[in-house]
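Structural overview for review
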Amino acid sequence: MPCFSSGVRELRQGEQTIVLTTDGLLEFGDRPFERPAAFAAAIGTSAVLGDNLQAMLDHAHASGARDSATVIAWRATCNEQGLMPTD
């Protein structure tokens, strides 16, 4: 679930992709990765996360992005069921 916040988040069961990026990857050209759904689709579910990120950075560079872009990303698998929120 894309989110723009801080704090502690419990991982849900299954594979999670965690991405931290600067606005240099989001704010260039026609802003193809600005919408969370488009960003998630570009990250994809490929086993090779680095290839997808490199393609995004290459697209930013080819589109004439002028701001620097920094990306830190990893995938984690959680085998346990997370706690459900209370009312």
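Data block above holds the structure.
Since we're looking at a predicted model, the values are computed, not measured.

**Describing the packing of helix H1 (residues 36-43) against helix H2 (residues 49-62)**
Packing of H1 against H2 leaves a shortest axis separation of 8 Å and a crossing angle of 125°. Taken as axis vectors, H1 and H2 run oblique relative to one another. Across the interface between the two elements, Phe39, Ala42 and Ile43 from H1 touch Leu49, Asn52, Leu53 and Met56 from H2. Of the residues in the contact of H1 with H2, the class split is 6 nonpolar, 1 polar and no charged.

**Considering the pattern of salt bridges**
When their charged atoms lie close together, side chains carrying opposite charge are able to pair. Applying the stated criterion across every chain, the model contains 3 salt bridges. Glutamate 10 is paired through a salt bridge with arginine 12; the nearest N and O atoms lie 3.8 Å apart. Residue classification places glutamate 10 among the partly exposed residues on the basis of a relative accessible area of 44%. Ionic pairing is found between glutamate 15 and arginine 75, a salt bridge with its closest N-O pair at 3.9 Å. In this pair, glutamate 15 sits in strand E1 (residues 14-21) while arginine 75 sits in strand E2 (residues 71-78), placing the two residues 60 residues apart along the sequence. Note on glutamate 15: relative accessible area 52%, which makes it exposed. The class of arginine 75 is partly exposed, set by a relative accessible area of 22%.

Criteria and thresholds
- Residues numbered from 1 in each chain as written.
- Predicted model: local features only at pLDDT ≥ 70, side-chain atom pairs only at ≥ 80, totals over all residues.
- Heavy atoms only, no water.
- Axes fitted to C-alpha atoms, helices over the stretch in contact; angles between N-to-C directions.
- Helix = DSSP H or I, 4+ residues; strand = E, 2+ residues; numbered from the N terminus.
- Parallel < 35°, antiparallel > 145°, perpendicular 65-115°, else oblique.
- Contact = heavy atoms within 4.5 Å.
- Nonpolar A, V, L, I, M, F, W, Y, C, P; charged D, E, K, R; others polar.
- Salt bridge = Lys/Arg side-chain N within 4 Å of Asp/Glu carboxyl O.
- Buried < 20%, exposed > 50% of the residue type's maximum accessible area, 1.4 Å probe, protein only.

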